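# Observations on the three-dimensional arrangement
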Amino acid sequence: TLFRSHGPYRFLVDTGSNVNLIEAGLAKKIGMHPTFQVELASAARKTTVQGSNGNEVAIDSVIAADQRFLFSPPEAIHRISFDIQGVLGDWFLDQFDYMLDLRGKRLEFGKQKRSGTQVALKRINARPVVFTSLGNLALDSGADWVVLYGIKPDIGAFMAELRSISGSQKISLIGGKPLLIEGRKFGGSDALAMPERPEPGVDGLLPLSLFNAVYVCNSEDYVVFE
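The present account deals with the structure reproduced in this document. (Residues numbered from 1 in each chain as written. Predicted model: local features only at pLDDT ≥ 70, side-chain atom pairs only at ≥ 80, totals over all residues. Heavy atoms only, no water.)

## Comments concerning unusual backbone geometry
For the bond running from Gly-7 to Pro-8, omega is 10 degrees, close enough to zero to count as cis. Residue position: Pro-8 is located in the loop between strand 1 (2-3) and strand 2 (12-13). Of note, Asp-221 is a non-glycine position whose phi angle comes to about 60 degrees, a positive value. (Helix = DSSP H or I, 4+ residues; strand = E, 2+ residues; numbered from the N terminus.)

So this is what it looks like as structure tokens:
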């Protein structure tokens, strides 16, 4: 990731984040000044942060102007990985059609013709969401499990930890939840259950790790799962 004449820097691409994030120390180093303040919501909790707008971001030949970034303490970003300095979320990704090759570990920008299961794309709280047999699930390249909101765990259920930029939360593992998209089954039938519903209109998270590749066509509002 390149900011004008600065960088390159190592950033995580996260379809599950509806914002862009940058380490507060790096933002100060390259001359970013806070121009606004917002409440950042995640699956775990909410927190208030400062941010900067009007930034230009480049990945190779792909350039996005007028980008907004929220300032994050390094320890929050390093919960995900110690070697990244920020996150490119949907504030950036929504500007492009793109393909995530999960097996080949590649990100490609631009219009493509893809074969696979095609489903309509909608946006809720600026996040890409598709309708499935488990409800409206937000595309999340950072999730390892299907996460379902508004489901109370059984007493004595196995508990796991859901980590995010804003923190972590204990959730439970449940079975018997097959995932169908346009009638096609993906993955197993296990999911993580969270009692809270942090996002109105969103029923949970859809991990992109279930697929070989995912093509997001923002210009025509559809997704292809392969």
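## Concerning the packing of aromatic side chains
Using the criterion set out here, one finds eight aromatic pairs in the structure. Seen in terms of ring centroids, Phe-92 and Phe-109 are 6.1 Å apart; in terms of plane orientation they differ by 90 degrees. Their pairing is edge-to-face. With Phe-92 in helix 3 (residues 90-93) and Phe-109 in strand 9 (residues 106-109), this residue pair connects regions lying 17 residues apart in the sequence. Given a relative accessible area of 22%, Phe-109 falls into the partly exposed group. Ring centres 5.2 Å apart and planes at 65 degrees place the aromatic pair Phe-96 and Phe-109 in the edge-to-face group. Placement of the pair is Phe-96 in the loop between helix 3 and strand 8 (98-101) and Phe-109 in strand 9, with a sequence separation of 13 residues. Judged by its relative accessible area of 15%, Phe-96 is buried. The rings of Phe-92, Phe-96 and Phe-109 are connected pair by pair, giving a single aromatic cluster. Geometry around Trp-91 places Arg-68 over its ring, the cationic atom sitting 3.9 Å from the centre. (Phe/Tyr/Trp six-rings, centres within 6.5 Å; stacked < 30°, edge-to-face > 60°. Buried < 20%, exposed > 50% of the residue type's maximum accessible area, 1.4 Å probe, protein only. Lys NZ or Arg CZ within 6 Å of the ring centre and 35° of its normal.)

## Focus: the sheet that holds strand 9
Strand order in the open sheet formed by five strands is 9-8-21-22-10, with antiparallel pairing between adjacent strands. The strands lining the two open edges of the sheet, one partner per strand, are strand 9 and strand 10 (117-120). Taken pair by pair, the neighbouring strands of this sheet meet at an average axis angle of 15 degrees, ignoring direction. (Pairing = 2+ DSSP bridges. Axes fitted to C-alpha atoms, helices over the stretch in contact; angles between N-to-C directions.)

## Observations regarding the environment of Ala-65
Among the secondary structure elements, Ala-65 is positioned in strand 6 (residues 62-72). Once the C-alpha coordinates of Ala-65 and Phe-92 are considered, the two residues, 27 residues apart in sequence, prove to be 9.1 Å apart. If sequence neighbours within four positions are ignored, Ala-65 has contacts with Asn-55 and Glu-56. (Contact = heavy atoms within 4.5 Å.)

## What about the environment of Asn-218?
Of note, Asn-218 is situated in the loop between strand 21 (213-217) and strand 22 (222-225). Between the C-alpha atom of Asn-218 and that of Tyr-98, which follows or precedes it by 120 residues, the distance is 8.2 Å. If we ignore the near neighbours within four places in the chain, the residues touching Asn-218 are Leu-93, Asp-94, Phe-96, Asp-97, Tyr-98, Leu-121 and Arg-123. Within the structure, Asn-218 has its side chain in polar contact with the backbone oxygen of Leu-93 (distance 3.2 Å). (Polar contact = N/O pair within 3.5 Å; in protein donor to acceptor, adjacent residues only side chain to side chain.)

## So, the pattern of salt bridges
For the coordinates displayed, the defined rule picks out nine salt bridges. Between Asp-83 and Arg-10 there is a salt bridge, with the nearest N and O atoms lying 2.9 Å from each other. Of the two residues, Asp-83 is situated in the loop between helix 2 (74-77) and strand 7 (86-88) and Arg-10 in the loop between strand 1 and strand 2; the sequence distance between them amounts to 73 residues. With relative accessibility at 41%, the residue Asp-83 sits in the partly exposed group. Here the salt bridges share partners, and the residues they tie into one network are Asp-94, Arg-123 and Asp-221. (Salt bridge = Lys/Arg side-chain N within 4 Å of Asp/Glu carboxyl O.)

## A few points about the nonpolar core
Core analysis: the largest hydrophobic core is formed by 41 residues, its most contacted members being Phe-3, Ile-22, Phe-92, Leu-206, Val-223 and Phe-225. The element best represented in this core is strand 6, accounting for four residues. Sequence-distant contacts of Phe-225, defined by excluding residues within four places in its chain, comprise Gly-116, Thr-117, Val-119, Val-130, Leu-139, Ile-181, Arg-184, Phe-186, Leu-206, Phe-211, Ala-213 and Val-214. Val-129, Tyr-149, Leu-192 and Leu-205 belong to the second largest nonpolar core, which has ten residues in total. (Core = buried A, V, L, I, M, F, W, Y, C linked by side-chain atoms within 4.5 Å.)

None of the figures reported here should be taken as evidence of function without further support.
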